[in-house]
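Survey of secondary and tertiary structure
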Amino acid sequence: MNVAKVLDAKGLACPMPVVRARKTIKEMETGEILEIHATDKGSMADLTAWAKASGHEMVDQKEDAGVFTFYIKKG
Amino acid sequence: MTVTPILAGEIAKKVISKEAFFILDVRNEDAFSDWKIEGENIQYLNIPYFDVLDGVEGILDQIPTDQDVVVVCAKEGSSIFVAEMLAEAGRDVRYLQGGMKAWSEHLEPVKVGDLKDGGAIYQFVRIGKGCLSYMIVSNGEAAIVDATRMTDVFIDFAKQLDVKITNVLDTHLHADHISGGREIAEAVNGTYWLPPKDATEVTFAYEPLEDGRVITVGTSKIDIQALYSPGHTIGSTSFIVDDAYLLSGDILFIDSIGRPDLAGLAEDWVGDLRDTLYSRYRELAEGLLVLPAHFMIIEELNDDGSVSETLGKLFANNHGLNIEDEQEFRQLVTGNLPPQPNAYQEIRQTNMGKITPDEETQREMEIGPNRCAVR
């Protein structure tokens, strides 16, 4: 996967992972992929819902040892 | 304008007194439609916080100025974030301290009634999740039934009453919430009772609750009679306390009946459920006050916040007790089941002692309504 930017949101609580993701993706080009690392369990549902509502695409997500990784393609 | 927190307990009191107020729930739409703060006179607006990150101007006209406004989210972070924006826009708003997690964990103790020899029975209403626990108190001793994992609440309540917890019971192996029974029993050096048929896989020692067994609380001898009443689980047991109260567990609720599928055996257990509700319970005195382990809808609360009704009234009014045709009954309880409670398999394993998740994980596992009933 061609990741254009990586956002480290580990340790941040809601709403900050979404706030940071939104700010970062604003500076990116359509079609580019943002990789986000987060530890807040709520971020899983929220980033998915936010991406959908904002016209971005959640390409993939995974969990490893308490860290959630998301790949969001800017729409 | 100011942002002030409101405690889950204050909201519980508003709900019980049927006060009108306004909730701005800023969780995502799926979370809101799955589970929210219920109340007869609550008005709601659900706008996910990420839709108002640029400002709240677009929603101001949907937020009233003539009643209390409470902003709610999962843990509180996003609700503070949105509440502060509303305050900057000139509104007085409050946010739910601790969010839906605090709401899920709040217990409201209500006295249900007296016992013949001077004791009393209390109900602990977990209003956000619909779970009901009980404390039976008599002459310096207490028994607890279907305790939730917020064990401090029960232990502190017993201290306030200056009574010693001697027996802790679970009506069945719960699938919707994590039991605090074993932990309380260990903390107070009391006896933990479980129905043996639900406990075949547990990893700890317990005292078997068998049909006809009598447990005594206090020197004045308040009897708890175990009544084997399978159907929700194979071991489900009801208790008759002081010949006056029927603790029905997850078999019979006020406006619904138990579901037989949470341990994966709906087809097998539906016959037991019918037998319990239509035969065993029919032999009991109609004047018994039924005290279930759950409520499903807020309308089941009495005016004082308690949940109870006489068995006779339930025989007359509870739809689940009035289905003559066995096939139709079978269809109701197996054909049309609501979604299963969140993480119910992991919750059962936790209650068996097979896994020991940390507190944060336990909270997450219990998110959502209880869903133990069918209507």
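Counting from 1, residues in each chain are numbered in the order their sequence is written. Each chain gets a letter, beginning with A, and each ligand a number, beginning with 1, in the order they are written. Where local features are concerned, this predicted model is filtered to residues with pLDDT of at least 70; where side-chain atom pairs are given and counted, the filter is 80 or more; whole-chain, interface and lining totals use all residues.

Residues and elements named next belong to chain B. Of all 5 residues that make up strand β16 (residues 245-249), 5 are buried, and the element is covered over most of its length. Any two strands with at least two DSSP-identified bridges between them are counted as paired. Working definition: helices are DSSP H or I runs of at least four residues, strands are E runs of at least two. Numbering for both runs from the N terminus. The sheet contact formed by strand β15 (residues 237-241) and β16 spans 3 bridges and is antiparallel. Following the sheet pairing, V241 is matched in β16 by Y245. With 4 bridges connecting them, β16 and strand β18 (residues 289-292) associate as parallel partners. The residue of β18 that forms the bridge with L247 is L291. Here a residue counts as buried when 20 or more other C-beta atoms sit within 10 Å of its C-beta, as exposed when there are 12 or fewer, and as partly exposed otherwise, the C-beta atoms being derived from the backbone.

Across the contact, 13 residues belong to chain A and 15 residues belong to chain B. Looking at the side of chain A that touches chain B, the elements with two or more residues in it are α1 (16-26) and α2 (42-53) of chain A. Contacts here follow a simple rule: the backbone-placed C-beta atoms of the two residues must lie within 7 Å.

All names here are of chain A. For α2, which comprises 12 residues, the first-to-last C-alpha distance of 17 Å matches the rise-based estimate of 16 Å (1.5 Å per residue) to within 8%. Restricting attention to buried positions, one finds in α2 the residues G42, S43, D46, L47, A49, W50 and A51. Following α2 by one or two positions, G55 has its phi on the positive side, about 85°. Helix span is expected to be 1.5 Å times the residue number reduced by one.

The next thing to look at is the sheet that holds strand β3 (residues 57-64) of chain A. Residues and elements named next belong to chain A. As summarised here, the arrangement of the 4 strands in space is β1-β2-β4-β3, forming an open sheet in which the pairing is mixed. Of all strands in the sheet, those bounded by a partner on one side alone are β1 (3-9) and β3. Shown here is a sheet whose adjacent strand axes are inclined to one another by a mean of 15°, direction ignored. One ladder, built from 7 bridges, connects β3 with strand β4 (residues 67-73); its direction is antiparallel. Each bridged residue has a counterpart across the sheet, and for E63 the counterpart in β4 is F68. Lying on the sheet, α1 is in contact with β1, β2 (33-38) and β4; it crosses β1 at an angle near 155°. Here an angle of 0 to 180 degrees is reported between the N-to-C directions of two axes, which are lines fitted to C-alpha atoms, with helices fitted over the stretch in contact.

All names here are of chain B. Within strand β7 (residues 120-126), 6 of the 7 residues are buried, which leaves the element mostly enclosed by the surrounding structure. With 6 bridges joining them, strand β6 (residues 108-114) and β7 adopt antiparallel strand pairing. Residue pairing across strands places V110 opposite Q123, the latter belonging to β7. Counted along the chain from β6 to the antiparallel partner β7, the turn is 5 residues long, and its residue G118 has a positive phi close to 95°. Note that β7 and strand β8 (residues 131-138) share 7 bridges and pair antiparallel. What sits directly across from I121, in β8, is I136.

Residue and element names in this part refer to chain A. One can find E29 in the loop between α1 and β2. Look at E29 and you get exposed, because 8 C-beta atoms sit within 10 Å. E29 sits 12 residues away from K41 along the chain, and the two C-alpha atoms are 28 Å apart.

This part is about the nonpolar core. Residues and elements named next belong to chain B. Among the nonpolar cores identified, the biggest contains 115 residues, and I136 and I144 are the most heavily contacted of them. Tallying contributions element by element places β8 first for this core, with 6 residues. Here this core gathers at least three residues from each of two domains, domain 1 (3-102) and domain 2 (107-374). Excluding residues within four positions of it along the chain, I136 makes contact with G119, I121, A142, A143, V217, I222, I224 and V241. A set of buried Ala, Val, Leu, Ile, Met, Phe, Trp, Tyr and Cys residues, joined to one another through C-beta atoms within 7 Å, is what we call a nonpolar core. Counting residues in hydrophobic clusters, the runner-up holds 6 residues, among them I178, L262, I347 and M365. Just so you know, the domain bounds were taken from an automatic or database domain assignment.

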